[in-house]
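Structural characterization, general
As a plain string of letters, each chain reads:
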Amino acid sequence: MTTPDQPDIDLPSAVLYDVFRDTATALSAEYVHRSDHAPTVAEGQQWWDKALRLRDTAAAADPDDRDALLAAIHEWRIETTFLRDD
C-alpha cells in the first residue's frame, strides 16, 4: 500500500479506486470506534453520522475521476492519521 505522502498518480485507475475505498474504510473504522466509545449518546451519534456521510460520499464517487479520488485519499489519510494519533 502507498503511504500518505505518495501521490498514487501512477496507479492504474482500478487500483486507485481500490485505494480510495480502502482509505474510506479505514476512516470509517475510526468513526465507528469513536461512536462505540463515545462518552455520551449524542457524541456517539455524531460520529455515527460522520460514518454514514462518508459511506455515502464514497459510494457516490466517480471511479474514473482520478483527481477527485486522489483528493479524497489525501484528505481521508490525513484525518485518519489525526484521529489515530489523538
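Our structure's up above, just so we're on the same page.
Residues numbered from 1 in each chain as written. Predicted model: local features only at pLDDT ≥ 70, side-chain atom pairs only at ≥ 80, totals over all residues. Heavy atoms only, no water.

Some points on helix α2 (residues 41–60)
The first and last C-alpha atoms of α2 sit 28 Å apart over 20 residues, in line with the 28 Å expected at 1.5 Å per residue. Within the span of α2, buried status applies to G44, W47, A51, L54 and A58. Buried residues along α2 cover an arc of 85 degrees about the axis, so they all sit on one side. Pointing more than 90 degrees away from the buried face of α2 are the exposed residues V41, A42, Q46, A59 and A60. Next to the buried residues of α2 lie α1 (13–36) and α3 (66–85). (Helix = DSSP H or I, 4+ residues; strand = E, 2+ residues; numbered from the N terminus. Expected span 1.5 Å × (residues − 1). Buried < 20%, exposed > 50% of the residue type's maximum accessible area, 1.4 Å probe, protein only. Arc of directions from axis to C-beta. Contact = heavy atoms within 4.5 Å.)

Re the pattern of salt bridges
Enumeration according to the criterion identifies four salt bridges in this entry. The shortest N-O distance in the salt bridge between R84 and E30 comes to 3.2 Å. Separated by 54 residues along the polypeptide, R84 in helix α3 and E30 in helix α1 bring together distant segments of the chain. Look at R84 and you get exposed, because its relative accessible area is 51%. When the shortest N-O distance is used, the salt bridge between E79 and K50 registers 3.8 Å. Highlighted residues: E79 in helix α3 and K50 in helix α2, separated in sequence by 29 residues. Overall, the relative accessible area of 22% leaves E79 in the partly exposed class. (Salt bridge = Lys/Arg side-chain N within 4 Å of Asp/Glu carboxyl O.)

Notes on the side chain of R34
Mapped onto the fold, R34 is located in helix α1. On the accessibility criterion, R34 (19% relative accessible area) is buried. Apart from residues no more than four positions distant in its own chain, R34 is found in contact with W47, L83 and D86.

Brief notes about the environment of L27
On the secondary structure map, L27 appears in helix α1. With relative accessibility at 0%, the residue L27 sits in the buried group. Between the alpha carbons of L27 and R77 there is a distance of 7.6 Å; along the sequence they are 50 residues apart. For L27, the contacting residues outside a window of four places in its chain are L54, W76, E79, T80 and L83.

Side note on the packing of aromatic side chains
Counted according to the given criterion, the structure contains three aromatic pairs. The interplanar angle of 40 degrees and the centroid separation of 5.8 Å between the aromatic rings of Y31 and W47 together place this pair among those described as tilted. You can see Y31 sitting in helix α1 and its partner W47 sitting in helix α2, a full 16 residues away along the chain. A relative accessible area of 5% places Y31 in the buried class. What makes W47 buried here is its relative accessible area of 16%. Three or more aromatic residues joined by ring pairs make a cluster, and in this case those are Y17, F20 and W76. (Phe/Tyr/Trp six-rings, centres within 6.5 Å; stacked < 30°, edge-to-face > 60°.)

So yeah, pure geometry; function would need other evidence.
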